[in-house]
Each structure stands twice: as C-alpha cells, then as structure tokens.
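For reference, the chains in residue letters:
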Amino acid sequence: MCSRFPIEVAALVAILLAGCNKGPQQALPAEQPSRPGVIDSALDPGVDHSLVTTDPRAAAYYNNADAVNTGKHLFAQYNCSGCHSNGGGGMGPDLMDDVWIYGSRLEQIHQTLVDGRPNGMPSWGNKVPDQQLWQLAAYVRSMSLPQTLAAQTDNTPSQTPAPVPPEADQGAGWAPPAATTNDYTTTIKGAD
Amino acid sequence: MRIAALMLTLTVAPLVAAAQTMPSPVPQSEIFTREEIGHALAPPTPEAGRTAPSIANAPEDDGQWTMPSKNYASTRFSSLTEITPNNVKDLKPDFSFSLAVNKGQEAAPIVADNTMYVVTAYPNIVYALDLTKPGAPLKWIFAPKPAPASQGLACCDVVNRGGTVSNGKYIFNTLDGQTIAVDVKTGSAVWRTQLGDINRGETITMAPLVAKGRVYVGDSGGEMGVHGWIVALDENSGKLLWRGYSTGPDAQVLIGSDFKPHYPSDQGKDLGVQSWPPQAWEIGGGAVWGWVTYDPELDMIYHGVGNPGPWNNEQRPGDNKWTAGIFARDPATGSARWHYQYSPHDERDYDGVNEQILLDMPFAGKMQKVLIHPDRDGYLYVIERNTGTVLSADPFAPVNSTKGIDLQTGRPIINPAKQVRLGETVRDICPTASGGKDWNPSSFSPQTGLLYIPHENICMDWTSAEVNYIAGTPYVGALVLMKPGPGGNRGELTAWDPVQRRPAWAVKENFPIWSGTVVTAGDLVFYGTMDGWFKAVNARTGDLLWRYKVDSGIISQPISYRGPDGHQYIAVLSGVGGWAGAVVSGPVDPRDGSAALGMVNVMSDLPKYTTAGGALYVFSLPH
C-alpha cells in the first residue's frame with residue numbers, strides 16, 4: 001500500500017494500487033504505515049486527484065443550527081474572538097474569506113483546533129471537550145457561507161451563523177465548492 | 001432532493017455589500033475645546049529662557065544616529081543643515097534595500113561608524129550595510145530565528161521598534177522575548193538572554209535603551225493578561241541586574257524608601273495590590289512596551305506603563321496601580337523614585353508608554369527640568385521630572401473621555417457621559433483606544449521651540465463584555481468599533497508650542513500618522529504616511545515642500561545622518577502594518593469592523609491605497 005488513507009474510500013484503493021505500479025511512483029516508499037487521519041496538505045503525491053476523507057464524527061455537525069450557535073458562544077468564551085475577532089482576524093488570520101491554509105472541511109478545522117498550528121494557533125485538544133471543538137469548527141466554517149455573510153447588517157459579521165450544509169465539504173477543503181463561499185477579496189479596486 | 005434544493009438556495013443567496021461602510025466622523029460638538037479643558041499651574045513665561053535639551057542629555061551632534069531617539073533627551077533633532085526648505089525639492093533616492101519581510105516596519109535605521117543597521121518585523125532579521133561603498137552593500141545578516149508561535153501573541157502586528165549600537169554591539173529584542181547583542185564587526189551574537197515567556201502572553205516589540213553599561217527592556221502583552229515588567233541587563237554579559245514589575249506588592253515593583261510620588265493617591269503601602277480585586281494584579285497587564293529614557297543629569301530612567309487588563313474595567317475595580325502611568329527609577333537598582341498615573345482605572349486602553357522628551361523649559365518665571373509626554377489619552381503633559389509634578393496638561397487631539405486634568409490631585413476629571421458600562425454601547429468616545437497618538441515618537445527642534453507630534457484623529461464606540469483569563473490567549477473583553485474624529489481626516493501632524501501651550505500649525509492627513517517624525521537644523525520635518533508618501537514640510541509653517549512615493553505605507557522612524565562623504569542623508573523604512581495597518585499586513589478581512597481590536601472599522605479603505613511591503617530608502621541631494 002502506498003496510501004496513507006486506505007480505509008475511507010474503498011473504491012479508490014484499486015486506483016492507488018494501480019498507481020503504485022507505474023514507473024515514476026516507484027520512487028515513493030512501497031510501504032507506508034497506515035494512519036487514518038485528516039489530510040493537512042492539498043498535495044497528495046502518487047495519485048492524480050485529491051483524496052477526500054470523512055471523519056464520521058463530523059456528520060452530526062452539518063445542517064446543525066445548534067452547533068453553529070453554540071460555537072458562536074464558545075468562540076467568545078475561549079477567547080478565539082480575541083485573535084480572530086468576528087471572523088475578520090487581527091492577531092490571528094481572518095476566517096470569513098475563502099482562503100483555507102489547512103483546509104475548510106469540518107474535520108480539517110477540527111484538526112487545527114485539536115493540534116494547533118505552528119505560527120501562533122494554540123492547541124486545544126486536551127483542554128476543551130471534543131464536542132465543543134466540533135461546534136467551534138462548525139461556527140468557523142459558517143463564517144464564510146453566503147447566508148452568514150448575507151445576514152450581516154452592520155460592521156460586525158458572523159452574528160447570525162447559518163448551519164453548514166454537507167455540500168460545503170464536498171471538495172478537498174482548499175477550494176470550497178462553488179456556491180458555498182462568498183468571496184469579495186479577489187478583486188480590490190483602487191481609490192479614485 | 002433535499003440537497004438539490006439546498007444547493008439552489010446557496011446559489012441565489014443575495015450578496016452583501018462588497019466594501020465595508022466607513023463610519024461618519026464624530027461631530028465637532030462632541031469634543032471639548034482646548035480652552036475648556038487645558039490646565040496649567042501658571043501662565044506662560046517665555047521670557048524666562050529658551051526651551052532646549054541640556055548638553056548632557058543631547059550632546060553635540062556627531063552626524064551618527066546610534067539610538068532610535070537620537071539622544072537621551074529623545075529630541076530626534078539632527079543638526080545637519082545641507083538640506084533646506086529651498087533645496088529639498090531636489091532630494092532623490094540614493095539607494096533602497098528590500099527587507100524581505102512584508103509586515104509592519106516600525107524601526108529606526110541606526111548609523112554608527114559608517115555602517116547602517118536595520119532590524120525587521122518578525123522574524124527580526126538584522127542587516128548591516130556598508131555606507132562607505134556605492135550602493136551600501138551588505139556586511140552581514142543576523143537571523144535570530146524567534147519561535148514562530150510568538151506571532152500569535154502580538155496584539156498589533158509582529159512589529160519591532162529598533163535596536164541600538166553601543167560599544168561595538170548592536171542590541172535589539174525579538175518577538176519571542178529575547179534580548180540579543182550582536183558584534184558589529186562579525187555579525188555574530190555576543191550574548192542572548194531569554195526574558196519573556198510566550199505561554200504567559202509575553203512578547204517584546206520595544207527598542208531597548210542602552211545607557212551607562214546597562215540595557216533596559218520591557219515586555220509587550222497588555223492584551224494577554226501579562227504581569228508587566230522592565231529589566232536591566234548588564235551590557236557586556238546580558239546578565240539580569242534587576243526586574244521591576246508594574247503591579248503587585250511594593251517589593252516586586254521595587255518601591256522602597258526612595259519612593260516619593262507627588263500626589264496623595266500614589267502614596268501608601270502595596271498599592272499595586274490594594275488597588276485591585278484579589279489576585280487581579282497578577283494578570284493585570286502593565287506591559288512596558290514603549291520608550292525608556294535615561295537622564296544623565298538627574299541619574300534617573302523614565303518609562304511608561306501600559307494599559308491594565310482586561311479592557312473590561314468592571315472586572316478590575318480600583319485604580320489598578322501602577323498601570324497607565326510613568327515611573328522614574330534609579331538606573332542601577334530599579335528602585336522607584338516617583339510615579340504618576342495618567343489614567344487611574346483606565347477604561348479605554350490608554351497605555352502610558354508614549355515617548356518622553358527631556359527639556360529645560362521656562363515655566364512660572366524660571367527654567368525647569370521637564371519631560372514632555374503626549375499621551376494616548378489625548379493630553380500633552382509637561383512634568384517637572386525631579387518630582388513628577390504635572391505643570392500643564394492640554395489636549396493636542398480631540399478629547400471627550402475626560403474633562404481635563406485636575407492639577408491639584410493629578411487625576412483626570414471623569415466625563416460621566418463617556419464612562420463605559422458592561423453590556424452597554426457607549427458611542428463617540430474620543431480619543432480612541434489607540435489614542436490621541438500611539439507609540440510613534442515626536443521630535444523637538446531647539447531652533448523653533450516646537451514639538452512635532454505625529455498623531456491620530458480617531459474616536460470609537462465601545463461595548464464591554466465578560467472575558468475569561470486563559471494563559472497565552474487574549475484577555476480583552478470589549479467590542480470596539482473605531483470611527484474618524486471631527487472633520488473626517490484620520491491623522492494630523494501638529495507642531496506644538498509647549499511654552500505657550502498651543503499648536504503653532506497643523507497638517508491634516510487622510511490616514512492616521514503611524515510614523516515618527518525627525519526634525520533637522522535645516523528647519524525641515526520628515527514623516528511618512530500610511531498610503532506610502534514620505535514627506536518633508538517646513539518646520540516653521542508646515543508647508544509641504546517635497547514628497548516621494550515608496551513601495552508600501554510608512555509607519556517607521558525616519559532619521560537624518562552624515563554619510564562618509566560628508567553629505568546629509570535621510571533614511572526611512574517602508575512597510576505598512578502595525579495596529580492601524582493590520583488590515584493590509586494581516587491577513588485581516590475589511591468586512592469585519594471589529595477586527596484588529598476595532599481598528600479595521602476606521603481603516604477598511606487602506607487596501608485600496610497600499611499593499612504590504614518592506615524596504616529601506618535613503619535620500620540625499622545630488623552631489
């Protein structure tokens with residue numbers, strides 16, 4: 001096996017195995033320890049497409065209005081808002097645009113919360129109940145949803161978070177599926 | 001079917017406005033006039049003498065620029081006269097140098113022995129450039145490699161305010177809490193001392209002061225619930241000599257029998273504990289992230305103390321000593337001589353860390369030793385620096401948060417209309433959290449007798465909220481939304497006459513001025529704007545005489561020096577960022593007005609004017 005994620009998508013295993021037998025891929029180690037987990041990089045060497053894993057624990061947090069609303073309160077309670085404001089960022093990066101350094105899928109956001117990230121994101125894995133981390137992940141994912149952005153009535157966004165639809169996580173996480181994001185930062189017009 | 005229907009909903013969801021709305025300026029009627037709230041212990045007596053720093057505090061200019069403030073008096077006055085109001089129109093860039101870091105560059109270039117030293121924002125790279133050769137080639141690069149996680153602790157961009165050359169060493173601080181001395185000849189570290197702990201929210205952004213064999217350094221982290229401190233290190237070894245905390249028992253604050261504060265409310269035992277709820281002083285902020293000044297005449301150091309934490313004042317009833325004020329200390333022992341609290345029980349993030357400029361000034365018919373301090377709270381304080389007595393306090397920026405400073409008690413007069421209350425939004429508070437001005441230093445010319453104050457014209461709406469203390473995370477508890485002050489121009493350069501207690505002239509700027517100023521004996525004032533103009537104005541009139549557009553906005557400290565060829569040069573760093581420029585150096589989204597502690601609300605248009613960058617520019621006349 002050359003795949004690190006063989007268990008989730010059985011149909012892909014055959015393709016992967018086929019890939020392992022092609023010439024150029026021989027440079028990769030023939031055997032990799034099998035580790036189910038969250039993909040942290042959009043680069044997935046040895047295959048000609050991105051793998052999508054699905055953590056079964058994430059399922060309960062889609063289409064879940066409770067999750068995003070509870071997440072919103074937790075976001076303030078755990079001082080997330082101290083760095084990320086109401087999604088616009090400050091000490092930490094903004095969360096309401098369509099740029100996802102470590103992926104936009106709920107399981108990827110959850111992973112960021114659990115492990116932290118090297119440039120200043122703390123690791124919360126052993127400090128906050130796991131359910132709350134999923135609720136926080138759902139709120140963070142909701143910030144850039146079109147409905148959440150459309151509900152903004154003043155200069156404070158993310159106050160009416162929309163539930164996260166499952167199709168928001170259909171892609172691999174670095175480029176959110178069409179119509180599940182609402183980006184205004186691609187074009188900035190200069191001042192007159 | 002259900003999914004398909006939902007997809008349709010997503011596709012037709014209405015779009016919100018692409019640009020965030022710029023709030024309306026606060027009306028002039030909300031602001032007190034200078035005549036209403038300015039106070040002095042005596043009327044002006046200009047006939048008693050000329051305002052100037054003493055020779056001890058500002059020795060004769062050798063053409064170098066070895067410390068950010070130029071001299072101990074912190075005048076940032078260059079005695080060079082080659083560049084004048086008549087010829088400044090011919091000023092041209094001589095060379096530029098990429099800093100390879102696109103974050104807010106707040107440092108002053110340093111010039112010593114024909115070498116220029118520049119330290120960048122995180123990762124705090126130091127460059128040494130040889131000024132004797134064409135194009136100023138690199139002599140060495142020193143990369144301290146601070147811990148990447150420290151970036152997540154910096155409240156207001158990952159800035160650094162510069163280093164100092166002393167006795168063959170370039171001494172500077174790193175974001176992750178180190179002080180490092182680098183051999184100027186070899187570019188290798190002579191010593192490095194770890195002072196801050198990022199897991200307690202401590203970072204370092206300030207420029208160290210080096211004086212008489214000691215290095216003075218303080219922490220940042222007033223938004224992270226730190227227990228603020230200043231230390232003295234031995235200049236040769238980096239060994240810790242003393243540490244004075246800003247809050248806590250007298251023993252920790254280094255308050256002993258030498259402590260003689262002028263005002264009764266600063267007198268008493270363990271006020272750094274008694275003026276707080278139990279244990280709140282341990283996480284009460286009071287970072288020392290601004291300017292430390294040494295006074296060889298009186299043998300004292302002076303340093304401001306930052307805001308108390310959290311911003312939500314209802315979690316910390318009491319005066320919260322010794323935050324939001326200034327200490328005079330014995331340089332050898334750290335022992336406190338006096339303290340003055342600009343903002344007892346600060347409700348608005350008015351750090352007391354701005355520059356203090358040491359001058360001999362006529363007051364009440366005689367020459368007095370004063371320090372001049374334009375504070376975040378919007379007042380220009382003139383303080384007799386032997387005793388810590390406030391001689392005058394006048395607003396230099398729009399103020400309505402207080403109704404003047406009571407010079408009998410030393411305390412600000414509260415304006416009940418602008419007092420904040422938990423869960424209630426108080427609107428149009430002036431100045432804003434970042435102040436009438438922030439850290440970026442003024443300059444003083446003994447030729448004109450004027451102080452050149454680069455500052456803001458910004459106000460705010462404030463809503464306090466309960467906040468939990470979690471070590472290593474922000475400890476703020478306020479939703480702030482900033483807005484332009486009266487007139488709508490967000491910045492101003494004010495030439496202030498400290499003797500007459502009034503502005504001589506002022507220049508309005510669209511954006512807040514986040515750069516320092518330098519003034520020259522040619523009667524020119526240089527400063528930069530956040531949209532990337534480097535400007536020279538006439539020091540006597542404020543008339544714009546020259547400007548040059550650089551790659552990115554300017555928030556640094558310009559300097560003037562004499563090159564190896566005997567000619568006068570002007571140097572400045574570009575690189576927008578800092579608290580006010582975070583919306584560009586971010587990543588920060590302009591649609592969230594509360595982002596960057598509410599600053600984005602009033603800076604959301606900056607991305608239309610400038611991009612992130614970072615370069616050194618050096619200018620001279622053709623020769």
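Residues numbered from 1 in each chain as written. Chains lettered and ligands numbered in written order. Predicted model: local features only at pLDDT ≥ 70, side-chain atom pairs only at ≥ 80, totals over all residues. Heavy atoms only, no water.

Okay, the environment of B:Ser443 next. All names here are of chain B. If you trace the backbone, Ser-443 turns up in strand E27 (residues 443–445). Overall, Ser-443 belongs to the buried group, its relative accessible area being 0%. Spatially, the C-alpha atoms of Ser-443 and Leu-138 are 30 Å apart, while their sequence positions differ by 305 residues. Apart from residues no more than four positions distant in its own chain, Ser-443 is found in contact with Thr-75, Arg-76, Leu-450, Leu-451, Tyr-452, Thr-517, Val-518 and Val-519. Of note is the side chain of Ser-443, whose polar atom sits 2.7 Å from the side chain of Thr-517. (Helix = DSSP H or I, 4+ residues; strand = E, 2+ residues; numbered from the N terminus. Buried < 20%, exposed > 50% of the residue type's maximum accessible area, 1.4 Å probe, protein only. Contact = heavy atoms within 4.5 Å. Polar contact = N/O pair within 3.5 Å; in protein donor to acceptor, adjacent residues only side chain to side chain.)

All right, on to the confidence of the model for chain A then. Segments scoring low in pLDDT should not have their predicted coordinates read at a detailed level. Residues and elements named next belong to chain A. Per-chain confidence: chain A averages 81 in pLDDT, with 79% of residues scoring 70 or above. Note that pLDDT drops below 50 for residues 1–25; the model gives that stretch 36 contacts with residues more than four away or on any other chain. Confidence over residues 30–35 falls short of pLDDT 50; this stretch has 10 contacts with residues more than four positions distant or in other chains. (pLDDT = per-residue confidence, 0-100.)

All names here are of chain B. Strand order in the open sheet formed by three strands is E26-E29-E30, and the pairing between neighbours is antiparallel. This sheet does not close on itself; its edge strands, each paired only once, are strand E26 (425–429) and strand E30 (478–484). Each strand of the sheet is rotated relative to its neighbour by a mean of 15°, with strand direction disregarded. With three bridges joining them, E26 and strand E29 (residues 458–464) adopt antiparallel strand pairing. Looking at E29, one finds that Val-426 is bridged to Trp-462. (Pairing = 2+ DSSP bridges. Axes fitted to C-alpha atoms, helices over the stretch in contact; angles between N-to-C directions.)

Now for the packing of aromatic side chains. Inspection of the entire model under this criterion finds 33 aromatic pairs over all chains. Between B:Phe142 and B:Phe172, the ring centres sit 6.2 Å apart and the planes meet at 80°, which makes this aromatic pair edge-to-face. Here the residue B:Phe142 occupies a position in strand E7 (residues 138–142), and B:Phe172 occupies one in strand E9 (residues 169–173), the gap between them amounting to 30 residues. Classification of B:Phe142 by relative accessible area gives buried; the value is 8%. Judged by relative accessible area, which is 0%, B:Phe172 ranks as buried. Look at B:Trp322 and B:Phe327: their rings are 6.0 Å apart centre to centre, the planes differ by 55°, and that puts the pair in the tilted class. B:Trp322 sits in the buried class, given a relative accessible area of 0%. In this structure an aromatic cluster arises from ring pairing among B:Phe526, B:Phe534, B:Trp546, B:Tyr548, B:Tyr617 and B:Phe619. Stacked on the ring of A:Tyr102, the Lys or Arg A:Arg117 has its end atom at 4.1 Å from the ring centre. In this structure, B:Arg243 packs its charged tip against the face of B:Trp229, placed 4.6 Å from the ring centre. (Phe/Tyr/Trp six-rings, centres within 6.5 Å; stacked < 30°, edge-to-face > 60°. Lys NZ or Arg CZ within 6 Å of the ring centre and 35° of its normal.)

Right, let's talk about the interface of chain A and chain B for a bit. Counting from both sides, the interface comprises 42 residues of chain A and, opposite them, 41 residues of chain B. When the two sides are added together, the surface that chain A and chain B hide from each other amounts to roughly 3400 Å², 58% of it contributed by carbon and sulfur. Interface area lost by chain A to chain B is led by A:Met91, A:Asn155 and A:Tyr184, which between them contribute 22%. There are zero salt bridges connecting chain A and chain B. Inspection of the region where chain A meets chain B yields 21 residue pairs in polar contact (both at pLDDT 80 or more). Contributing elements (two or more residues each) for the side of chain A that touches chain B: helix H3 (80–84) and helix H6 (146–150) of chain A. With four residues, the top contributor of residues to the side of chain A that touches chain B is H6(A). (Buried area = accessible area lost by both parts, 1.4 Å probe. Salt bridge = Lys/Arg side-chain N within 4 Å of Asp/Glu carboxyl O.)

As a further point, take the environment of B:Ser220. As for its placement among the helices and strands, B:Ser220 is situated in the loop between strand E13 (214–218) and strand E14 (229–234). Excluding its chain neighbours within four sequence positions, the residues that come into contact with B:Ser220 are B:Gly201, B:Glu202, B:Thr203, B:Ile204, B:Thr205, B:Val226, B:Ala287 and B:Trp289.

Below, the discussion takes up empty space enclosed by the protein. All names here are of chain B. In the structure shown here, the tally under the stated rule is four cavities of 30 Å³ or more. What lines the largest cavity is a set of 24 residues, among which Cys-155, Cys-156, Arg-161, Glu-223 and Trp-289 lie closest to the centre. Its volume calculated, the second largest cavity comes out at about 140 Å³. Around the second largest cavity sit 16 residues that line it, and Ser-69, Ser-74, Leu-209, Trp-291 and Val-292 are the ones nearest its centre. (1 Å grid on protein atoms, 1.4 Å probe; cavity = no way out; pocket = protein on both sides within 12 Å on 5 of 7 lines; lining within 4 Å. Points joined across faces, edges and corners; volume = space filled by probe spheres on them.)

This part takes up the state of the cysteines. Should the sulfur atoms of two cysteines be covalently bonded, the bond is a disulfide. Using the criterion set out here, one finds two disulfides over all chains in the structure. With its sulfur 2.1 Å from that of its partner, B:Cys155 forms a disulfide with B:Cys156. Here B:Cys155 and B:Cys156 share a disulfide; its torsion about the S-S bond, -105°, makes the bridge left-handed. In this model, B:Cys430 is linked to B:Cys459 through a disulfide, with the two sulfur atoms separated by 2.1 Å. Its S-S torsion of about 105° marks the bond between B:Cys430 and B:Cys459 as right-handed, since a negative value means left-handed. Here B:Cys430 is found in the loop between E26 and E27, whereas its partner B:Cys459 is found in strand E29, with 29 residues between them in sequence. Since its relative accessible area comes to 0%, B:Cys430 is described here as buried. Going through chain B in sequence order and numbering each bonded cysteine, the pairs you get are 1-2, 3-4. In this model A:Cys80 remains outside any disulfide bridge; the closest cysteine sulfur is found in A:Cys83, 8.6 Å from its own. (Disulfide = S-S within 2.5 Å.)

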